[in-house]
Amino acid sequence: LPTATPTPILPVPSVLPDGPEKQFVTDDGTKTLWVVFVVMVIASAVFSALSWRVPVQRRLYHVITTLITITAAISYFAMATGHGVSVHTVKVRHQNDHVPDTFTEVHRQVFWARYVDWSLTTPLLLLDLSLLAGLNGAHILIAIVADIIMILTGLFAAFGSESTPQKWGWYAIACIAYLVVIWHLAVNGRAQAQAKSQKVSSFFVAIAGFTLVVWTAYPIVWGIADGSRKLSVDGEIIAYAVLDILAKPIFGIWLLLTHARIPETNIDLGGFWSYGLGGE
Ligand code: RET
């Protein structure tokens, strides 16, 4: 009689080989993305409502600022629903004291939708500030192009391979472009605002100073999160969430309310903006 040999039952390994470490968003990150989406929608509604109370001739800042929060709302909707993100394979360096450094492979999510958002909204924010200061067209153009270069090279840096000169090379180019932006605001913008009026000048110094502080935090967060991967994906989302709320809704409401109080902030638009309104 054939004897049935019992099939050996293999123990299930308690630790499954699950490949490289995963740095992915969790519930906290997703919740934060939804909260910021709602904040941006509310801000857009408030800014639109504020614009109805002023004649078209004085709505330029309202239009620009509302477009900024609408763009952010769209980008946050994408990220909260899992769009605008891709997985980047990176090598993380572990520094050892007495033996050579070792590397491990990590799969990390990079939310590229941010860079799409920033490439549209940071030029608009600069436009708000440039118009307030009364910068000329040449300076506005240079500041905006430098800003777009900053964001796009920042995107390339985010997808650059770790431990290559390429990644930090892109980062360095982005930082130089950022210095060009700062130069235009701090030097040219301030000089122009001073020429306009005392009130405009002190408001410009305050809001451009606020902008400078908030904006400078972005490359710092980037360096910790995307640069050296020391911040989790959730941590990165929360840090950018705080900065985005300061840089867009808070900046926006401050600009629009002050604009309503200081008539010298008005810009003579004429041309196509007032076309068909019969002049005023
Ligand atoms: C990057 C990385 C590369 C170096 C530099 C950066 C600067 C980013 C800035 C972003 C500002 C974003 C704002 C968003 C709007 O709400 C791209 C992070 C210099 C200044 C204001």
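Residues numbered from 1 in each chain as written. Predicted model: local features only at pLDDT ≥ 70, side-chain atom pairs only at ≥ 80, totals over all residues. Heavy atoms only, no water.

A. Layout of the side chain of Thr71. As for its position among the elements, Thr71 is in helix α2 (residues 60-80). Residues within four places of Thr71 in sequence aside, it is in contact with Asp117, Leu120 and Thr121. (Helix = DSSP H or I, 4+ residues; strand = E, 2+ residues; numbered from the N terminus. Contact = heavy atoms within 4.5 Å.)

B. Here's a closer look at the environment of Ala193. Assignment of secondary structure puts Ala193 in helix α5 (residues 165-196). On the accessibility criterion, Ala193 (0% relative accessible area) is buried. Taking the C-alpha atoms as reference points, Ala193 and Ala172, 21 residues apart in sequence, are found 30 Å from one another. Setting aside chain neighbours within four positions, we find Ala193 in contact with Ala133, Val200, Ser201 and Phe204. (Buried < 20%, exposed > 50% of the residue type's maximum accessible area, 1.4 Å probe, protein only.)

C. Region of the structure containing the pairing of strand β3 (residues 102-110). Taken together, the three bridges between strand β1 (residues 21-23) and β3 define a ladder with parallel strand orientation. Pairing of Gln23 across the sheet is with Arg108, part of β3. Pairing geometry for strand β2 (residues 86-94) and β3, over nine bridges, is antiparallel. From the neighbouring strand, Lys91 faces β3, where its bridge partner is Glu105. (Pairing = 2+ DSSP bridges.)

D. Representation of the packing of α2 against helix α3 (residues 113-133) in the model. Direction vectors running N to C along α2 and α3 enclose 165 degrees, while the axes themselves pass 9 Å from each other. By the angle between their axes, α2 is roughly antiparallel relative to α3. Viewed along their axes, α2 and α3 form a crossing whose handedness is left-handed. Touching Leu60, Tyr61, Ile64, Thr65, Leu67, Ile68, Thr71, Ala72, Ser75, Tyr76 and Met79 of α2 are Ala113, Arg114, Asp117, Leu120, Thr121, Leu124, Leu125, Leu127, Asp128, Leu131 and Leu132, all from α3. Here the contact of α2 with α3 is built from residues that sort into 15 nonpolar, four polar and three charged. (Axes fitted to C-alpha atoms, helices over the stretch in contact; angles between N-to-C directions. Parallel < 35°, antiparallel > 145°, perpendicular 65-115°, else oblique. Left-handed = near helix turned anticlockwise from the far one by under 90°. Nonpolar A, V, L, I, M, F, W, Y, C, P; charged D, E, K, R; others polar.)

E. Structural detail: the pattern of salt bridges. By the definition in use, this model includes three salt bridges. Notably, a salt bridge pairs Asp117 with Lys248, separated by 3.0 Å at the nearest N-O pair. You can see Asp117 sitting in helix α3 and its partner Lys248 sitting in helix α7 (residues 233-261), a full 131 residues away along the chain. Of the residues examined, Lys248 reaches a relative accessible area of 3% and is grouped as buried. For Asp226, the salt bridge identified is with Arg229, shortest N-O distance 3.9 Å. Note on accessibility: Asp226 and Arg229 belong to one class, buried. (Salt bridge = Lys/Arg side-chain N within 4 Å of Asp/Glu carboxyl O.)

F. Examining the site of the ligand more closely. If you check the shell around the ligand, you find 14 residues, and the closest are Trp118, Ala174, Trp215, Tyr218 and Lys248. Protein chains bury 100% of the 540 Å² of accessible surface belonging to the ligand in isolation. Class assignment of the residues belonging to the shell around the ligand gives a composition of 10 nonpolar, two polar and two charged. (Near = heavy atom within 4 Å. Areas by Shrake-Rupley, 256 points an atom, 1.4 Å probe, with all protein chains shown as cover.)

G. Quick peek at α7. Taking 1.5 Å of rise per residue, the 29 residues of α7 would be expected to cover 42 Å, and the 41 Å separating its terminal C-alpha atoms lies within 8% of that figure. The axis of α7 is deflected most strongly, by about 30 degrees, at Phe251. (Expected span 1.5 Å × (residues − 1). Bend = angle between axes of the 7 residues up to and from the residue.)

H. Region of interest: the packing of helix α4 (residues 137-158) against helix α6 (residues 198-227). Close contact between α4 and α6 brings their axes to 12 Å; oriented N to C, the two are set at 10 degrees. One element, α4, and the other, α6, form an angle in the roughly parallel class. Facing α4, whose interface residues are Asp147, Met150, Gly154, Ala157 and Ala158, α6 presents Trp215, Trp222 and Asp226. For the contact of α4 with α6, the residue count by class is five nonpolar, one polar and two charged.

I. Spatial organisation of unusual backbone geometry. In this structure, Arg229 is a non-glycine residue whose phi angle is positive, near 55 degrees. Relative to the elements of secondary structure, Arg229 occurs in the loop between α6 and α7. Looking at Arg229, the relative accessible area reads 6%, which means it is buried.

J. Up close: the packing of aromatic side chains. By the definition in use, this model includes 14 aromatic pairs. With a centroid separation of 6.1 Å and 85 degrees between ring planes, the pair formed by Trp168 and Trp222 is classed as edge-to-face. Of this pair, Trp168 sits in helix α5 while Trp222 sits in helix α6, and the two are 54 residues apart along the sequence. Of the residues examined, Trp168 reaches a relative accessible area of 39% and is grouped as partly exposed. Aromatic side chains Phe203 and Trp254 sit 5.9 Å apart centroid to centroid with 75 degrees between the ring planes, which places their arrangement in the edge-to-face category. (Phe/Tyr/Trp six-rings, centres within 6.5 Å; stacked < 30°, edge-to-face > 60°.)

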